[in-house]
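Close look at the chain arrangement
Take a look at the letters that make up each chain.
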Amino acid sequence: MTTVKPRLIASADPDRLETWVRYSAGLCRDCQATCCTLPVEVRIDDLIRLQLVDEFERDEPPKQVARRLERDGVIERYNQKHGIFTLARMANGDCLYLDTRTRLCKVYDRRPDTCRNHPRIGPRPGHCAYVRKGER
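These figures come from a predicted structure and were not determined experimentally. (Residues numbered from 1 in each chain as written. Predicted model: local features only at pLDDT ≥ 70, side-chain atom pairs only at ≥ 80, totals over all residues. Heavy atoms only, no water.)

Focus on the overall build of the protein chain
Filter applied, for reference: Helix and strand labels come from DSSP, where a helix needs a run of H or I of at least four residues and a strand needs a run of E of at least two; each type is numbered from the N terminus. Think of it in three bands: with a 1.4 Å probe and only protein chains considered, a residue is buried below 20% of the maximum accessible area for its type, exposed above 50%, and partly exposed in between. Contacts: residue pairs with any heavy atoms within 4.5 Å of one another. All accessible-area figures derive from a Shrake-Rupley calculation using a 1.4 Å probe, and residue coverage is judged against the displayed protein chains alone.
Across its full length, the protein chain carries three helices and five strands. Scanning the protein chain from its N terminus toward the C terminus, one meets helices and strands in the order β-β-α-α-β-β-α-β. Expressed as lengths along the three principal axes of its C-alpha atoms, the size of the protein chain is roughly 65 × 30 × 25 Å. Counting only residues that meet the buried cut, the protein chain has 34% of its 136 residues in that class. Within the protein chain, counting contacts between residues at least 6 apart in sequence, those at least 24 apart form 55% of the total. About 9100 Å² of surface is accessible on the protein chain, with carbon and sulfur atoms providing 51% of the total.

Pasting the structure below:
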């Protein structure tokens, strides 16, 4: 009978890309959702999917939409040059949509493209800021 040795993976420091680990299937299962503490950049389509913006607001000046969302505490900032909104985070750095108890996304079916495509795209494509549950 062959025993399979558990794979030990060192925890990453989200602020130091060189510590990020190569992504592999199943890695998220025992991670504490470190990627959900990174800034999330979204576009108007993401905001519509998240139901933060109505479809008819697509034609309004994005700066006006951004002002409203900032007032509502939903975005931290808006980059007018690139048309990118950055979602606000909670005081502890977690995404607004991360359940603090389960560490699962509360809007998974409506999550932004940035989240849908992570870690294929992002600060270090193909890698993630893996931190084992219970660490840090």
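Some words on the pattern of salt bridges
Going by this rule: Definition used for salt bridges: Asp or Glu carboxyl oxygen within 4 Å of a side-chain nitrogen of Lys or Arg.
Evaluation of the coordinates by the stated rule reveals ten salt bridges. With its nearest N and O atoms 3.2 Å apart, the salt bridge here joins Glu76 to Arg77. Residue classification places Glu76 among the partly exposed residues on the basis of a relative accessible area of 30%. A residue is classified by how much of its surface remains accessible, and Arg77, at 45% relative accessible area, is partly exposed.

Things to note about helix H2 (residues 62-71)
Turn by turn, an α-helix covers 3.6 residues, leaving residues three or four places apart pointing in a common direction. Stated precisely, the cut-off is as follows: Along the arc lie the directions from the helix axis toward the C-beta atoms.
Those residues of H2 that sit buried are Val65, Ala66 and Leu69. Buried residues of H2, seen end-on, are gathered within an arc of 100 degrees and therefore sit on one face of the element. Its buried side turned inward, H2 meets helix H1 (44-49), strand S3 (75-79) and strand S4 (84-87).

Observations concerning the pairing of S3
Across a regular strand the side chains alternate sides, sitting on one face of the sheet and then on the other. Test applied: Here the rule is simple: two strands pair whenever DSSP picks up at least two bridges between them.
As defined by bridge partners, S3 adjoins S4 across four bridges and the pair is classed as antiparallel. Across the sheet, Asn79 pairs through a bridge with Ile84, a residue of S4. The loop that links S3 with its antiparallel partner S4 comprises four residues; one of these, Gly83, has a positive phi angle of about 65 degrees.

With respect to the packing of aromatic side chains
Definition in use: Classification of ring pairs rests on two measures: the distance between centres of Phe, Tyr or Trp rings, Trp counted by its six-membered ring, which must be within 6.5 Å, and the angle between planes, read as stacked under 30 degrees, edge-to-face over 60 and tilted in between. Only when the NZ of Lys or the CZ of Arg is both within 6 Å of the ring centre and within 35 degrees of the ring normal is a charge said to sit over the ring.
Summed over the entire model, instances satisfying the criterion amount to one aromatic pair. Judged by centre distance (4.5 Å) and plane angle (40 degrees), the rings of Tyr78 and Phe85 are tilted. Looking at Arg111, its charged tip hangs above the ring of Tyr108, at a distance of 3.8 Å from the centre.

Looking at the sheet that holds S4
As a reminder, the rule being used: Interaxial angle, 0 to 180 degrees, is taken between N-to-C directions of lines fitted to C-alpha atoms, where a helix line uses only the stretch in contact.
Strand order in the open sheet formed by three strands is S2-S4-S3, and the pairing between neighbours is antiparallel. Edge positions in the open sheet fall to strand S2 (41-42) and S3, since each of these has one partner strand only. Pairing between S2 and S4: two bridges, direction antiparallel. Bridging from a neighbouring strand, Glu41 pairs with Thr86 of S4. Docked against the sheet, H2 engages S3 and S4, running at close to 165 degrees with respect to S3.

Everything listed is a geometric property; what it means functionally is a separate question.
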